[in-house]
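Structural description and commentary
Each chain, letter by letter, is given below.
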Amino acid sequence: MLFSSPLFLYLFLPVTILIFYLIRGELKNTALLVASLVFYAWGGVSYSVILILSILLNYLFGYLISREKGSRVYLGLGVGINLGVLVVFKYADFIVANLNDLFLNLDIKPVGQPNILLPIGISFFTFQAISYLVDVYRKEVVYQKNLINLALYISLFPQLIAGPIVRYHDIAGQLLKRSFSFDKFGEGVQRFVIGLSKKVLLANNFALVADEIMDSAYSDLTTPTAWLGIIAYAFQIYFDFSGYSDMAIGLGKMFGFTFLENFNFPYISKSIKEFWRRWHISLSTWFRDYLYIPLGGSRMSNSRTYMNLIIVFILTGFWHGASWSFLVWGLFHGFFLVLEKLGLDKLLKRSWTAIQHIYTLFVVLIGWVFFRVESINDALLFTKRLFVANNAVDSNWMTFFDLRFTIVLIVGLIGSTNFFPWVIDIYKNQLSHIRVVNIFSNALYILIINLLLVACTFYLVAGTYNPFIYFRF
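Definitions and cut-offs
- Residues numbered from 1 in each chain as written.
- Predicted model: local features only at pLDDT ≥ 70, side-chain atom pairs only at ≥ 80, totals over all residues.
- Heavy atoms only, no water.
- Salt bridge = Lys/Arg side-chain N within 4 Å of Asp/Glu carboxyl O.
- Helix = DSSP H or I, 4+ residues; strand = E, 2+ residues; numbered from the N terminus.
- Buried < 20%, exposed > 50% of the residue type's maximum accessible area, 1.4 Å probe, protein only.
- Phe/Tyr/Trp six-rings, centres within 6.5 Å; stacked < 30°, edge-to-face > 60°.
- Lys NZ or Arg CZ within 6 Å of the ring centre and 35° of its normal.
- Patch = residues over 30% accessible without salt bridge, like charges linked within 9 Å, V, L, I, M, F, W, Y side chains within 5 Å.
- Areas by Shrake-Rupley, 256 points an atom, 1.4 Å probe, with all protein chains shown as cover.
- Axes fitted to C-alpha atoms, helices over the stretch in contact; angles between N-to-C directions.
- Parallel < 35°, antiparallel > 145°, perpendicular 65-115°, else oblique.
- Left-handed = near helix turned anticlockwise from the far one by under 90°.
- Contact = heavy atoms within 4.5 Å.
- Nonpolar A, V, L, I, M, F, W, Y, C, P; charged D, E, K, R; others polar.

As a further point, take the pattern of salt bridges. The final tally for this structure, using the stated rule, is 10 salt bridges. Across the salt bridge formed by Lys-253 and Glu-187, the nearest N and O atoms sit 3.9 Å from each other. Of this pair, Lys-253 sits in helix 9 (residues 223-254) while Glu-187 sits in helix 8 (residues 182-214), and the two are 66 residues apart along the sequence. Its relative accessible area of 19% is what places Lys-253 among the buried residues.

Set out below in structure tokens:
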């Protein structure tokens, strides 16, 4: 069940909200847990068994780690089991396929392909479970004695299948006590509708162009068409994923939770280092705090620091999927981060600001090719088309610029910058004290939110294209 589906919007969510606010006290968490398990089971009851086992195992290991004696051993076992489950369900087919390729060259009989289905959201709830165990071990939080509260943390439906990755120490207090108010609920609704609009009205329309170009024969592509395809995909993945994060944050507010931001206009970055401070913040900070710093971070020798960065970005790539192209994508970003540490960042800071933005966008766009195209050979061919034109006369790329795509592109360009927050800040600082202006602006904002919801509803009811990129991660 996707957030961007009529079933969720007009059945599951209203019923869940109604029950949640009719129930008092501690039963609210129980009701939310039941709703989360129903939400997850909608994608397959067998998946729910894995989720429930994860909850029970991490509850047990959290208790064992809190007992001091043998805590390091129990932490290792707990983290190892979590990662083992992730490897089996997400990477077993990939490992066996590559072993069989090796066996073929060695004239060894191939192993049977396991064909294991990937449970939705397993990368997200596994990382959340690991953060709980590590936080307990570090004594940053107290072991959660209440099984329902821990189960709710791991399975909370707003961020269960697509993040953001909520770390236990950020939400531990909210599981026990959190505030509810009409204003907070209203903020949640507004944030949800904005995220839904980013997903449905922007990302889905960018996907139409990106998919048509990037699923075509690359040998026939011309340079302008190739660039249009990867730019459309860059907007698609940003508005798809940031839209889903906005929806998760908004849903959290509806139920009293406050989640940290997951995106901060990454396409306005002036370096790859800055990009990763703005893109998928919950993942990059998770790797920083639970892998990069424990490996030694930047406290070691230069060569060790560079190695730590490469390790982190290899795993960042593989976290996104069992494919060599994801590994290349991770290494690609890691390579430029090392270059920046070697001195490129100082050179960039002394250059014209426009050069810094162009450099960052160029690296990010080339990286997205390997993220989007499953075959490395195909990705290299597509990258070639970005720079080396074939002999075809190219006018096809202009046919994509109908009225709808042109409007979506303009809104996407503006929306991927901090233009709208800048306008809001000007309003708050200079105009919000004027009563008439304040009343009019509030009414206009509410009208816009309602119109966006209506537009999204019509779009979804019409059964138009509604892919979700991060559903497979």
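Okay, the packing of aromatic side chains next. Two aromatic rings, taken as a pair, are described by how far apart their centres are and by the angle between their planes. Across all of its chains, the model carries 63 aromatic pairs by this definition. In this arrangement the basic side chain of Lys-28 is found over the ring face of Phe-20, its NZ or CZ atom lying 4.6 Å from the centre. The ring of Trp-319 is capped by Lys-90, whose NZ or CZ atom sits 5.3 Å from the centre of that ring.

Quick look at a nonpolar patch on the surface now. Among the surface-exposed residues, Leu-7, Leu-11, Val-15, Ile-19, Val-34, Val-38 and Trp-42 lie close enough to one another that they form a single nonpolar patch of about 610 Å² accessible area. Elements supplying a minimum of two residues to the nonpolar patch: helix 1 (6-22) and helix 2 (27-41). Broken down by element, the residue count for the nonpolar patch peaks at 4 residues, all from helix 1. As for its placement among the helices and strands, Leu-7 is situated in helix 1. Look at Leu-7 and you get partly exposed, because its relative accessible area is 31%.

Our next topic: the packing of helix 11 (residues 281-292) against helix 12 (residues 302-320). Running from N to C, helix 11 and helix 12 cross one another at 130°; their axes reach a closest spacing of 11 Å. Relative to helix 12, helix 11 is oriented oblique. Pair helix 11 / helix 12 crosses with right-handed handedness. Of the residues in helix 12, those touching helix 11 at Leu-283, Phe-287, Leu-291 and Tyr-292 are Thr-305, Asn-308, Leu-309, Val-312, Leu-315, Thr-316, Trp-319 and His-320. Broken down by class, the residue content of the contact of helix 11 with helix 12 amounts to 8 nonpolar, 4 polar and no charged.

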